[in-house]
Amino acid sequence: MAKVLMKGNEAIGAAAIKAECRYYFGYPITPSSELPEYLSRELPKVDGVFLQAESETAAINMLYGAAGAGARAMTGSSSPGISLKQEGISYIAGAELPCVIVNIVRGGPGLGSIQPSQADYFQATKGGGHGDYRMVVLAPDSIQETVDLVIEGFDIADQYRNPVMILGDGVIGQMMEPVEFKDPPKRDLPPKDWATTGTKDSNGRKRVINSLYIEAEACEQMNLKLQAKYREIQKNEIKFETFGTEGAEIILSAYGITSRVTKNAIKILEKEGIKAGMVRPITLWPFPYKEFEKAAEIDSVKAFLSIEMSMGQMVEDVRLGVNGKKPVYFYGRAGGVVPEPLEIVEEVKKILGGVK
Amino acid sequence: MAKVLMKGNEAIGAAAIKAECRYYFGYPITPSSELPEYLSRELPKVDGVFLQAESETAAINMLYGAAGAGARAMTGSSSPGISLKQEGISYIAGAELPCVIVNIVRGGPGLGSIQPSQADYFQATKGGGHGDYRMVVLAPDSIQETVDLVIEGFDIADQYRNPVMILGDGVIGQMMEPVEFKDPPKRDLPPKDWATTGTKDSNGRKRVINSLYIEAEACEQMNLKLQAKYREIQKNEIKFETFGTEGAEIILSAYGITSRVTKNAIKILEKEGIKAGMVRPITLWPFPYKEFEKAAEIDSVKAFLSIEMSMGQMVEDVRLGVNGKKPVYFYGRAGGVVPEPLEIVEEVKKILGGVK
Amino acid sequence: MAKVKGRVTFNEERCKGCELCTTVCPVDIVLMDTKRINSKGYHPATVIEMDKCIGCANCAMICPDMVITVEREKI
Amino acid sequence: MAKVKGRVTFNEERCKGCELCTTVCPVDIVLMDTKRINSKGYHPATVIEMDKCIGCANCAMICPDMVITVEREKI
Amino acid sequence: MAIVFERTKGLTPGVMHYCPGCHHGIAHRLVGEVLVELDILDSTIAVAPVGCSVFAYDYFNCDAQEAAHGRAPAVATGIKRVHPDRVVFSYQGDGDLASIGMAEIVHAAARGEKITVIFINNAIYGMTGGQMAPTTLVGQKASTAPYGRDADHCGQPIRMCELLSTLEGATFIERVALFDPANIRKAKKAIKTAFENQINGGGFSLVEVLSTCPTNWGLTPVESMTWLKENMVPYYPLGNFKSPGEVK
Amino acid sequence: MAIVFERTKGLTPGVMHYCPGCHHGIAHRLVGEVLVELDILDSTIAVAPVGCSVFAYDYFNCDAQEAAHGRAPAVATGIKRVHPDRVVFSYQGDGDLASIGMAEIVHAAARGEKITVIFINNAIYGMTGGQMAPTTLVGQKASTAPYGRDADHCGQPIRMCELLSTLEGATFIERVALFDPANIRKAKKAIKTAFENQINGGGFSLVEVLSTCPTNWGLTPVESMTWLKENMVPYYPLGNFKSPGEVK
Amino acid sequence: MAEQQVIIAGFGGQGVMSMGQLLTYAGMLEDKNVSWLPSYGPEMRGGTANCNVIVSDNPVGSPLVTEATTAIVMNLPSLDKFEGRVVEDGILLINSSLIDKKTSRTDIRAYEIPANDIANELGNIRIANMVMLGAYIELTNIVSKESILESLKKVLGPSKEKLIPINEKALERGAQAVRQ
Amino acid sequence: MAEQQVIIAGFGGQGVMSMGQLLTYAGMLEDKNVSWLPSYGPEMRGGTANCNVIVSDNPVGSPLVTEATTAIVMNLPSLDKFEGRVVEDGILLINSSLIDKKTSRTDIRAYEIPANDIANELGNIRIANMVMLGAYIELTNIVSKESILESLKKVLGPSKEKLIPINEKALERGAQAVRQ
Ligand SMILES: Cc1ncc(C[n+]2csc(CCOP(=O)(O)OP(=O)(O)O)c2C)c(N)n1
Ligand SMILES: Cc1ncc(C[n+]2csc(CCOP(=O)(O)OP(=O)(O)O)c2C)c(N)n1
Ligand code: SF4
Ligand code: SF4
Ligand code: SF4
Ligand code: SF4
Ligand code: SF4
Ligand code: SF4
Ligand SMILES: [Mg+2]
Ligand SMILES: [Mg+2]
C-alpha cells in the first residue's frame, strides 16, 4: 500500500479499520473529534458500526459490552472525557476485555485548554480508576508509529485480554504526515472462547463476563491472575527507542511529540559540542525501567533530564529506573504549551553547568 | 467532650459537622453508606443540607457548586464511585475549590469485592483525573485519627483552596472505636472572597469560578500557580509517624489500617529478637519522602518493606524516597484481604535472610 | 363444570418461609409447617388437605423460590 | 393613529454582518453597507432612509450582537 | 397427572440469594419462563445490574455480562450492535435504572435500541441497605430519608414508564405488578411481548415491575404485598403505555 | 427622543465570540434583560455549560460558575442549596443538556430544584464542529452523521420539554424560538416567567430556545432562520408545557 | 496487662453485633482501649454475621482478631468457622441450644451454654446474646457486669429502661452457667 | 540537504489550511519527509488560522515550526504575529491585497503579492491561496508546480478536475509576481 497523507486522528481510525476493528463508541471532544468523524464516514462502508454515545461514560460501557461480545472495538476521547471513563476502564480491566482506548491529551486540569499536553501520564500508567490494574499504554511520536501501534495494539489487547491505551496529544491528533498501513508482527492470538455470543455457540455452556468476586479471597485470586498477566506483558511487550547513550554526558527522556522536540534539541546540542543521549519510552506501561538502569550505569552520563508536557509525571518512572545512581532532572511545560528545542538546550546547559 | 464509641463512617460525618461542614452530596455505596445515612439524620438538625445525588458524578459536581458558593461541603463514596468522580475532582482542583472527599476503599478492579482495600493509592495520590493536580490525601489508622484529620482536613482545604481526600478503607469505615472531638490546631484561614454568592456581597464585583484557560499560555500560568501552591503544601503539611528506626534492621512502611497490623507484626518480631522500625505516612500526598531518605541513611537498616492492601502502589513512593540507598521490598494482599501479622513477620524474616 | 384434581409438591429445602403461597390458594390449603425447620432455618410451607387442591398453580406462581411443582388432571 | 418617529444607531464595530436585522424591518430600511468594512472584516448593517423608521425595535430585537440602539418619539 | 407448573430451565438450578418473599425471585422466574417459551435461551445474552440482582448473571441460564451500576443499557447496546441477531436484555433495579443510570436508559430508549429491559421498581435501594431511591414514595422512610421522603427537599418519585413513553424509540412500555397471581400472569404476558417485540425487530421495550423489598421496607413478605398494592399502585398506575402496533 | 432599546446592563460590555447571526447572542441578551428587569442581577449566580456558550460566565453580568460538560444542573443545585435566597440559573446547549447531561437535568427537574434553565437547542454540537446532537433532526447531516441522521441507527430526536414535563418537580416548561421579533418577544416573556417562578419559590423551570447554528448547518444566518422555522418547529412544537398555576 | 481478643458469631438476627458493641462500650466506660469490627457485606443478608472485639489495657493494634482469646459462637456454621481461631488455652463459648456438636479442640476451655433455652425461660428469646455475654464476663472479668448494664442503658435509651432488669437476669444466668 | 519550515497564516476562510496541505502532499509525492500541523481551537471560529509545514530531505524532527524558513501571511494579524518567527535570510510572503503594512524586518527577504487582486482578476477570489503558493514554490523550489497540481487532483477528486486549469494559472501568476 502506498503512502498516504493523513491527520493523526483519521489515521487512528484507518488503522483501526485495517486492524479489523468494526465497532467504535465515542463522544466528540476537541482535539480528538476527527476520529469519530472519520469512523462515522468509514465504518459503515465496511459493515462496521459507528455509534455516537450519549456520553463518555456510556461509550466506555458500550465498549465493555461489545468487547465482551467478542468484537474488536474501540473508543476515544480527550482528557476530561477519559476521566469520565475511569470506572469503565477499571471494569474492563477487571473483566479482562480486550479493546483499544485512545486519549488525545489536552491541557488540564479541569476544562483547561484544548492544546496538546502530556499531563495524563499518571492517569494512564498508574491507574486513574480504582483497584490494581494496568493498561498497556502506547505513546507514538509520529503518525506512522501511531498507525503501527494502533494496529499492533489490537493484537496486544487480544493476546492478553487487556485494554490498550493509545496515548497521544493534540499534536499527534491534529498533524498530518505520510503513512503506510503495514501488517503488524504476526502473533498467535487465542480464540475468544470466553465471549458472550449466546450459548448456541458454546454447546450450551454459559459464559459470563464479570469482575465481581464477592469473597475477598476470590477477589484476591482474580488480582493475582491479573498480576501474573501483567508480569508476562512486562516481559514481552516493552518498547523503547534509545540512541546516543554511549559517551553521552546527559540522557534526555521524552515520549510522544516531546521526544521529537527533544531530538531537535539534541542536534543543536551536538553542534555546540554537548553530547546528549536519549531514551524514548514507547510503551509507557510497561515502562522500560531497565533501559534507564543501563543508561545510569554508563560512566560518561552525569545526569538525566525528563522532558514532558506536564509538571512532572514520567520523571517519577525515570527516577525509579535510575534508582539513585545519577541525578534526575525535570523540565516541563504545562497547560497546552509545547516546549521549544532551545528551551531544552538551555536547560541541559544549566544542568551540566550544575553537575560539572 | 467525653469519648464516644463510633463507627468510622459515622465518626466522619460527626467530624464534618464539628468542622462546620453543612452540606453533603453523595450516593450510597458499601462500605461507606453509613456516612450519608448518618448525615441524612444529623445535618438537618444543624440546619445543614444532606442531598442524595442521582450519581457520584452529580454528587461531585454539586460539591463543586456548593464549594464554589463558599460553603464547607463534602462528598464520600467508595472505589467505583470515586472513579466516577475523577472528572469532577480535576475540575475542583483546577478551579481551586476547597472541599473534602472521602474514599472508603474496597477491593477492585471493576465491581471487585466490598471488602477493605488500599488499591486506590495511585488514583488518590497521583491523580486519577486528567491534568497536573494534587489532592491532599489523609490516611488515618484509627477512628480518633480519622476524626482529627477530617476536622483538620476542612481547614487545610480552606487554607489552600484545594480538595482534600480522606483515604480510608472498609475497616476504617466499619469499625467502632472511642473518639473525642477536639478542636484542630488553629489556622489563619483566608476569607472566601472568591466565592459566588451574588454580586450584592462584593460591591458589584463579578466573581467567576472556572478552570478554562483557552490560551495555552494562560493555562500554563494556572498550572504554575497550582504548582507553587503544591510546593507550599509540601513544605507545610507533611504528616507521618516514625518509630524504632534507630538501630532497626528493617524499616516497615504501611499506612492506614495496614499500619496497625504491621505494628502487631513489629511486636512479634521484637519478641523474636528482630528489630524493625516503621515509617507510617499519614499524608500520602504530600508524601514524607524525606523521612524515608533519612531512614535509608541509618547504617543498621538493611532493607525496607512496604506493606499494603494492594499489589504494590505506595512502594513506588517508598522507592522514590529511599532512592536506591537500600533495597525496597513489597508485601501485599489484594481484593479485600487484610494481611495478618504473622504473614508480615514471615516476609521480614525472608527478606532479612536474603539480604544478610 | 369439569372437575380437576391437583397435586403440589414442595422442594422444602428451597423454601424460605416467606408465606406468600399461603395467601393465594383458592381452597386455602397451603400453610406453614411451624413444627419443622429446613436446613436454612426456615419453617417450610406445606399442604395438608391435598385432595382439595385444584392444581390452579397460584401458589407456585407467586413463590419467589421455585419451591413448588404442580400437577393436575381432569376427573 | 398617532404617528411615531424612530431613530436607530448602529455601533458598527460590533456588527458581524449577519443580515438578520435586514429581514425584520417593517419599512424595509435596514440594509448592509457593502461598501464599508469594519475592523473585524464585516460589512456593517446600516439604515439609509432614517426618516421612515418607526422605532419598532424589530431590528434591535433580532440582532445577536447588540449593535443597535433605538429611539422613538410620538409625533 | 400432568405437570402444569415446574421449575423453569430458564434459570440455573441453585437457590437464589434473595431474601424470603423478595419479588426479584418471581421476576427472574417469569423472565426464565419466557426465554424458554420463546426458545431463545441459547441465543440470549443477559446484562446484570449492580443491585440485589447483581448475581443475575449466575441465575439466568444464558450468557450474561455484569454491567457497572446504571450502565446496563449501554452494555446491552454494545452487545446488541455486535450481535443484532441475538436477543439482549438488561435486568435493572430502580436505583440502577432511574438514578445513576438515567442517561443510559433514556438514550437507549431514544435510540430505539433493540433491547428488552426488565425494570424492578421496589422503591428502595435493596442491596446497599434501604437508601432512598428516585422511586421512593413521598413520606416513605429510607436509611437516607430517615424522616420520610420530603417532596419539597428532593421531589416526588419519578415515573419511568411515563417519562420513557415520550420517546419515539420506545415501542413497548408497560407497568406491571406481582402482588397476586392474576397480576403475575399479566406481568409474564408483558415480559413476553417485550421480548417478542425485540425478536420482531421492534425498538426499545421495557417492562416496569412493581416489586417488594420486605427486608428494607421493614415488613413481612405478606405485608409487603399489601403495602405495594395500597401505596405503590396508586402512584404508579399499572398498564400499557406503548405498544408496537400503536400509531405514533 | 426616548431610548426604547439599548444594550442591556445584564451583559458585560465586550463583544461576544459567537459566529455572525448565532442565536446564542439573542438568547444571552434576553436573559440579561430579564435579570435587569427583575432587578436580580446582583443576587443571581449563573452556571455556564461546555459548548459554544462556554464563555457565558464572562458575558452575564453577574456571578458565575463554569460547570463540567453536562453537569450544570448539578452545579446549580449545589449553589442553590447553599444560597436558597439567591437566583440560580444554568444556560446549556443541547449536547450539554440532552446528551451527556441527561441524568442531571432529569434529576434536577425531578427534585423540583428551584433553579431556572435556559436550554439552547440548535440541533447540533456547535463548539466541537457540528457533530450530531440528540436533537439533530432525522436526515439532517452532521459531522458524525455524514449521511444524515438515520432514525433506525440512532433513533429520533429527543423532545426535552415533553420528557421533562412528565416530572412533578418541573413546574414551568416552555419551548420558544427566535426566528422573528414576535417569537423573540414571546421567548423573553417565557424566560421572565421562568425566573419569576424561581423567585416565587416554584420548582424547576426550563425554557427551551430553538436556535440556529449557521456555521455548522452550513447556511447563512438568514437561511438558518428559515430552516429552523420550516424544519425544527414542526418537530419541536412551540408552546407552554407546564405552568406554575396548573393543576397537577 | 489484660487483653481480650474476641470473635462473636451467629445468625443475622441473634444480636451478635450488639453483643460485641455492648462489650466494647463497657470496655470504653472502664477506660480500657477498645475496638469493634463487624463483618459486613452480603453474607449478612439472612446468613451469618460476626464481629471482632478487642478490650485491652494497651493501645489496640490491629482491630482484626485473627487469634482469638475467646470465641462466642451462636450457631453451628460459626462453630465450624471460628473454633480454629481460638488460641491455646483460650475460651470457646458455645450456644448449645442451637449447636449439638462439640468442639474438636482439646487445648482450649470450651463451655456449652444453652443460651436460647435460658432466654426462653426468662421469657424473651432475644436475650440469648446477653446470656452468652454474662458467661463471657464471668470467665474473663474483662469488664464488670455493671459496665455492661451501663452501656445497655446508653444503647437502649430512657424509653426502654424497663428492659434492664431482664437483661441483668440474663447476664446472671449466663454467669451461673459457667460458674462451677 | 534542503529543509523548509513554513508557517502559513490568515483568516479562517482564506484557505491557509489547504494551502499547507497541498504543499505537504506535494512534498510527499516527491518522496520528501513532510509534516503538516494546524492550529486548532476556538481562535479558528471567524478568527485566524495557521498551519506549520515542514518539507525536508531528512526525517522531520518536531512538526512545530518555531523558526520558520518561510512565513506566508494572508492578513494583517498574521503578519504581526509571525514576521518575528522568520529566520535570518528567510522568506516572508505578504498578501498585499489585504495588508497595507510593510514588514519591520530588514534581515529577511520579504515579498508583497497582491494575491486577492490577482485571484479576482482570474475570476475566483478563492484561489488567492494558490497565488501565494505559486510564489512560494517559485522562490524555494522545494517542490515542483507539477507536484502541487498532482496533489490538487487528489484533493479535488475527479468531479472537480475542471478546476485544475484555473489553479494552475494562479500558481503561475504567483510565480510571476516574485520572478524579477
Ligand atoms: C458506581 C457505584 N455506585 C454505587 C454502588 C453501590 N450500589 C450497589 S447496588 C446500589 C443500589 C441498588 O438499588 P436498586 O438498583 O434499586 O436495586 P435493588 O437492590 O433494590 O434491587 C448501589 C447504590 C456501586 N456498586 N457502584
Ligand atoms: C466531558 C466532555 N466531553 C466532551 C467535551 C467536548 N465538548 C465540548 S462542547 C460539546 C458539545 C456542545 O454542544 P452543545 O451542548 O449543543 O452546545 P453548542 O455548542 O451547540 O451551543 C462537546 C462534545 C467536553 N468538553 N467535555
Ligand atoms: S395449586 Fe392451587 S389449589 Fe393447589 S395448593 Fe396451590 S394454590 Fe392451592
Ligand atoms: S412462597 Fe415459596 S418460599 Fe415462600 S413459603 Fe411458599 S413455598 Fe416457601
Ligand atoms: S426600529 Fe423598526 S423601523 Fe426602525 S429600522 Fe429598526 S426595524 Fe426598521
Ligand atoms: S443583526 Fe446586528 S450583527 Fe447582524 S447585521 Fe444587523 S446589526 Fe449587524
Ligand atoms: S434486600 Fe430487598 S430487594 Fe434485596 S433481596 Fe432482600 S428483599 Fe429483595
Ligand atoms: S458554532 Fe454555531 S452555535 Fe457556535 S457560535 Fe457558531 S453559530 Fe453559534
Ligand atoms: Mg431497588
Ligand atoms: Mg448545540
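Preceding block: the structure.
Cut-off values and rules
- Residues numbered from 1 in each chain as written.
- Chains lettered and ligands numbered in written order.
- Predicted model: local features only at pLDDT ≥ 70, side-chain atom pairs only at ≥ 80, totals over all residues.
- Heavy atoms only, no water.
- Helix = DSSP H or I, 4+ residues; strand = E, 2+ residues; numbered from the N terminus.
- Rg over C-alpha atoms; globule rule 2.2 N^0.38 Å.
- Contact = heavy atoms within 4.5 Å.
- Areas by Shrake-Rupley, 256 points an atom, 1.4 Å probe, with all protein chains shown as cover.
- Lys, Arg positive; Asp, Glu negative; His and termini not counted.
- Charge placed at Lys NZ, Arg CZ, Asp CG, Glu CD.
- Near = heavy atom within 4 Å.
- Nonpolar A, V, L, I, M, F, W, Y, C, P; charged D, E, K, R; others polar.
- Donors = N, O, S within 2.8 Å, 3.2 Å for Na, K, Ca; no water.
- Buried < 20%, exposed > 50% of the residue type's maximum accessible area, 1.4 Å probe, protein only.
- Pairing = 2+ DSSP bridges.
- Buried area = accessible area lost by both parts, 1.4 Å probe.
- Salt bridge = Lys/Arg side-chain N within 4 Å of Asp/Glu carboxyl O.
- Polar contact = N/O pair within 3.5 Å; in protein donor to acceptor, adjacent residues only side chain to side chain.

Attention now goes to the overall build of chain E. The number of helices and strands found in chain E is 10 helices and eight strands. The C-alpha radius of gyration computed for chain E amounts to 17 Å, which stays within 12% of the reference 18 Å derived for 248 residues, consistent with globular compactness. With the C-alpha coordinates aligned to their principal axes, the bounding extent of chain E is approximately 50 × 50 × 30 Å. Across chain E, every contact between residues at least 6 apart in sequence was considered, and the portion connecting residues at least 24 apart equals 68%. Carbon and sulfur atoms make up 55% of the accessible area of chain E, which amounts to about 6800 Å² in all. Here chain E carries 21 positive and 24 negative side-chain charges, and the mean point of each set is 3 Å from the other.

Counting contacts across all 14 pairs of chains that touch, the top pair turns out to be chains A and B. When C-alpha atoms are compared, chain D and chain H, though not in contact, are closest at a spacing of 9 Å.

Attention shifts here to the environment of C:I37. Residue and element names in this part refer to chain C. Considering the arrangement of structural elements, one finds I37 in the loop between strand 2 (30-32) and strand 3 (45-47). Each C-alpha atom, one on I37 and one on E12, is 9.4 Å from the other, the two residues being 25 residues apart in sequence. Residues in contact with I37, not counting those within four places in the same chain, are Y42, H43 and P44.

To continue, consider the site of ligand 3. Taken together, 14 residues sit near ligand 3, with C:C25, C:C53, C:C56, C:A57 and C:C59 positioned nearest. Its residues placed into classes, the shell around ligand 3 shows 12 nonpolar, two polar and no charged.

All names here are of chain E. On the protein side, the magnesium ion (ligand 9) has D94 (OD), N122 (OD1) and I124 (O) as donor atoms, found 2.0 to 2.1 Å from it. Between consecutive donor residues of the magnesium ion (ligand 9), the sequence gaps follow D-x27-N-x1-I. Taken together, the residues D94 in helix 4 (residues 94-100) and I124 in the loop between strand 5 (116-121) and helix 6 (151-154) connect sequence positions 30 residues apart. Looking at D94, the relative accessible area reads 2%, which means it is buried.

Before going further, it helps to examine the pairing of strand 4 (residues 73-77) of chain B. Residues and elements named next belong to chain B. Most of strand 4 is tucked away: five of the five residues are buried. Because side chains alternate across strand 4, one face comprises the buried residues A73, T75 and S77, and the other comprises M74 and G76, equally buried. Where strand 2 (residues 23-26) lies against strand 4, two bridges are found, and the strand directions are parallel. Bridge pairing in strand 4 links Y23 to A73. The sheet contact formed by strand 4 and strand 5 (residues 99-105) spans four bridges and is parallel.

Looking now at the pairing of strand 15 (residues 328-332) of chain A. Strand direction decides the pairing type here: strand 14 (residues 303-308) of chain A and strand 15 of chain A, joined by five bridges, are parallel. In the sheet register, A:S306 faces strand 15 of chain A, and the bridge partner there is A:F330.

Time to look at the site of ligand 5. Lining the immediate surroundings of ligand 5 are 14 residues, of which D:C25, D:C53, D:C56, D:A57 and D:C59 lie closest. Of the residues contributing to the shell around ligand 5, the split by class is 12 nonpolar, two polar and no charged.

Now for the interface of chain B and chain A. Across the boundary between the two partners, chain B contributes 59 residues, which contact 58 residues of chain A. Taking both partners together, chain B and chain A bury about 4700 Å²; carbon and sulfur atoms supply 59% of that area. Where chain B touches chain A, the interface holds five salt bridges. Between B:R333 and A:E220 there is a salt bridge, and its shortest N-O distance comes to 2.6 Å. On the surface where chain B and chain A come into contact, there are 32 residue pairs in polar contact (both at pLDDT 80 or more). At the level of elements, helix 4 (79-84), helix 5 (86-94), helix 6 (121-127), helix 9 (216-236) and helix 12 (314-322) of chain B are the ones that each hand at least two residues to the side of chain B that touches chain A. Looking at the side of chain B that touches chain A residue by residue, the classes come out as 21 nonpolar, 27 polar and 11 charged.

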